[in-house]
Amino acid sequence: MLTVDNVSVFYGRICALDRVSISVNEGEIVSIIGPNGAGKSTLLWTIMGVMKPSSGSLWWRGERLQSVPSWVAARGISMVPERRRLFDNLTVRENLLIGAYLRQWDSSMKEDMETVFRLFPVLKERLNQYAGTLSGGEQQMLAIGRAMMGRPALLLFDEPSLGLAPALTSEVFRAIQRIREEGTTCLLAEQNAFKALEMADRAYVMNVGRVALQGSGKEVLANPEVRAAYLGVKAGSL
Ligand SMILES: Nc1ncnc2c1ncn2[C@@H]1O[C@H](COP(=O)(O)OP(=O)(O)OP(=O)(O)O)[C@@H](O)[C@H]1O
Ligand SMILES: [Mg+2]
């Protein structure tokens, strides 16, 4: 579905992605883990067409992906950015409707809102509340719900569990699994490595702009170096 082939991205002279290759197949949950500064967010913004690769190519369903955000959005690729980026002074309802801005106004919009409310019932109770007054967890749910309103084929999540309490983190991860079950392919960047690997079909470990390791979620989770570096398990103790 999506192929990132040997892509390098620079911020000025800083190389944030160094010949990175990943792929995402239809229907998968793919996780990217790695420490601060590894390049996870840069990779997602490159897929969204915001960052332009200096070399390498991206492919979407057999077509060369253009590094133009509107082109990417029109193909059904959407992102839940880090720290949500909601419109604080708009209500929950208004934020959800903004997520559907690329679509015709029709009755399916109401069905999609109901789908979002099934995922996150609390949003229905808060429809007329300003987004800025929601709790951190509710804001994350709204950000995901807003992205779902665009009926994405592929949804990118940047650190969806950042700053959330464990119970809310579990709820968000459960929601991601349900989103996949309902037909949206999911690519997530996460520091919460255990959960992200546990539910991933496949995973990539990034380090200073490179893919250091890849495999099925289970394989990466079982890797001794990953366990030592990300899961606080001593190498050799397993
Ligand atoms: N706007 C920017 N200008 C210059 N350098 C940047 C910019 N954004 C990111 N970088 C650099 O690019 C590298 C990759 O950053 P990126 O944000 O993609 O990493 P990350 O894996 O998402 O990290 P984190 O886990 O902290 O979110 C880092 O060295 C970072 O300092
Ligand atoms: Mg990041």
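Scope of this entry: the structure provided in the associated data block.

This paragraph deals with the overall build of the protein chain. Counting its secondary structure elements, the protein chain contains ten helices and ten strands. A compact globule built from 238 residues would reach a C-alpha radius of gyration of about 18 Å, and the protein chain, at 18 Å, matches this within 12%. Seen along its three principal axes, the alpha-carbon backbone of the protein chain occupies a region of about 50 × 40 × 30 Å. Across the 238 residues that make up the protein chain, the buried fraction comes to 50%. Accessible surface for the protein chain amounts to roughly 11300 Å². Of this, 51% is attributable to carbon and sulfur atoms.

Let us now look at the site of ligand 1. The local shell around ligand 1 holds 13 residues, among which Asn36, Lys40, Ser41, Thr42 and Gln191 are the closest. The separation between an oxygen atom of ligand 1 and a polar main-chain atom of Gly39 is 2.9 Å. In the environment of ligand 1, an oxygen atom lies 2.8 Å from a nitrogen or oxygen atom belonging to the side chain of Gln191. Protein chains bury 62% of the 630 Å² of accessible surface belonging to ligand 1 in isolation. When residues of the shell around ligand 1 are assigned to their parent elements, the largest contribution, three residues, is made by helix α1 (residues 40–47). By residue class, the composition of the shell around ligand 1 is four nonpolar, six polar and three charged.

Let us now look at the pattern of salt bridges. Using the criterion set out here, one finds nine salt bridges in the structure. A salt bridge links Arg151 to Asp112, with the nearest nitrogen and oxygen atoms 2.7 Å apart. Separated by 39 residues along the polypeptide, Arg151 in the loop between α6 (136–148) and β7 (154–158) and Asp112 in helix α4 (residues 108–119) bring together distant segments of the chain. In this structure Arg151 comes out as partly exposed when scored by relative accessible area, which is 47%. Residue Arg180 pairs with Asp201 through a salt bridge whose shortest N-O separation is 2.7 Å. Taken as a pair, Arg180 in helix α7 (residues 166–181) and Asp201 in the loop between α8 (193–198) and β9 (202–207) lie far apart in primary sequence, 21 residues in all. A single salt-bridge network, built from bridges that share partners, covers Asp18, Arg19 and Arg210.

For the rest of this paragraph, the subject is unusual backbone geometry. Backbone geometry at Arg19 places phi at a positive 50°, although glycine is not the residue there. Among the residues examined, Arg19 registers a relative accessible area of 51% and is labelled exposed. Phi at Arg151 takes a positive value of approximately 50°, unusual for a residue other than glycine.

In space, the four strands of this open sheet follow the order β2-β1-β4-β5, with antiparallel pairing throughout. Because the sheet does not close on itself, it has two edges, and the strands there are β2 (14–24) and β5 (63–64). Where strand β1 (residues 2–11) and β2 come together, seven bridges link them in antiparallel fashion. Across the sheet, the residue bridging to Thr3 is Ser23, located in β2. Contacts from α1 reach β1, β2 and β4 (55–60) within the one sheet, and its direction differs from that of β1 by about 115°.

Moving on, we come to the pairing of strand β10 (residues 210–216). The pairing of β9 with β10 spans six bridges and is classified as antiparallel. Within β10, the position partnered with Ala203 by the bridge is Gly215. The turn joining β9 and β10, which pair antiparallel and follow one another in sequence, is formed by two residues; a positive phi near 30° is taken by Val208.

This part is about the pairing of strand β8 (residues 185–190). Along β8, six of the six residues are buried, which leaves the element largely enclosed by surrounding structure. Side chains Thr185, Leu187 and Ala189 of β8 all project onto a buried face; the interleaved residues Cys186, Leu188 and Glu190 project onto the opposite face, where all are buried too. As judged from the five bridges shared by strand β3 (residues 29–33) and β8, these two strands associate in the parallel manner. Its bridge partner lying in β8, Ile32 is registered against Ala189. Both β7 and β8 contribute to a ladder of five bridges, which runs parallel. Bridging across to β8, Leu154 finds its partner in Thr185. Of the crossover connections in this fold, the one passing from β7 over α7 to the parallel β8 is right-handed.

Each value, and the rule that gives it
Residues numbered from 1 in each chain as written. Chains lettered and ligands numbered in written order. Predicted model: local features only at pLDDT ≥ 70, side-chain atom pairs only at ≥ 80, totals over all residues. Heavy atoms only, no water. Helix = DSSP H or I, 4+ residues; strand = E, 2+ residues; numbered from the N terminus. Rg over C-alpha atoms; globule rule 2.2 N^0.38 Å. Buried < 20%, exposed > 50% of the residue type's maximum accessible area, 1.4 Å probe, protein only. Areas by Shrake-Rupley, 256 points an atom, 1.4 Å probe, with all protein chains shown as cover. Near = heavy atom within 4 Å. Polar contact = N/O pair within 3.5 Å; in protein donor to acceptor, adjacent residues only side chain to side chain. Nonpolar A, V, L, I, M, F, W, Y, C, P; charged D, E, K, R; others polar. Salt bridge = Lys/Arg side-chain N within 4 Å of Asp/Glu carboxyl O. Pairing = 2+ DSSP bridges. Contact = heavy atoms within 4.5 Å. Axes fitted to C-alpha atoms, helices over the stretch in contact; angles between N-to-C directions. Right-handed = clockwise from strand over helix to strand, strands pointing away.

Honestly, that's just the spatial picture; any functional story needs more than this.
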